[in-house]
Amino acid sequence: MTEPHGLEPVATFCGNCDCGCPQLFVDPDAPAEQRIVLTDDFGQRVQMSVDQFSSLVDDAKRGRLDGIAAP
């Protein structure tokens, strides 16, 4: 899969197929409030600030998101 122009890849979620897995990027040219970019496998994207992303990571580390993946 090709990266969107100008974005620095950070992580690919899944990566075991060629279906267009969700990906995490940093856009160094974006305004600070839109620097983190998360794309999905349908071509959509979410942009957020580094602070917002850090908050999401902290929540994940604390286990606050664990129930989301439960069947």
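Structure report, in brief. (Residues numbered from 1 in each chain as written. Predicted model: local features only at pLDDT ≥ 70, side-chain atom pairs only at ≥ 80, totals over all residues. Heavy atoms only, no water.)

**Notes on the sheet that holds strand 1 (residues 8–12)**
Put simply, the rule reads: DSSP bridges decide pairing: two strands pair if at least two such bridges lie between them. Numbering goes from the N terminus for both helices and strands, where a helix is a DSSP run of H or I of at least four residues and a strand is a run of E of at least two. For every element, the axis is a line fit to its C-alpha atoms; helices are fit only across the contacting stretch, and the angle between N-to-C directions ranges from 0 to 180 degrees. It only takes one pair of heavy atoms within 4.5 Å for two residues to be counted as in contact.
The 4 strands lie next to each other as 1-2-3-4, forming an open sheet whose pairing is antiparallel. The open sheet has two edge strands with one neighbour each: strand 1 and strand 4 (45–48). Across the sheet, the mean angle from the axis of one strand to that of its neighbour is 20 degrees, orientation sign disregarded. Note: strand 1 against strand 2 (residues 23–26), 4 bridges, orientation antiparallel. The residue of strand 2 that forms the bridge with Ala11 is Leu24. Strands in contact with helix 1 (residues 50–61) are strand 2, strand 3 (36–39) and strand 4; relative to strand 4, the strand with the most contacts, it is inclined by about 105 degrees.

**Here we look at the pairing of strand 4**
Bridge count for strand 3 against strand 4 is 4 bridges, and the pairing is antiparallel. Counted as the bridge partner of Val37 is Gln47 from strand 4. Linking strand 3 back to strand 4 in an antiparallel pair, the connection comprises 5 residues, with Gly43 at a positive phi of about 90 degrees.

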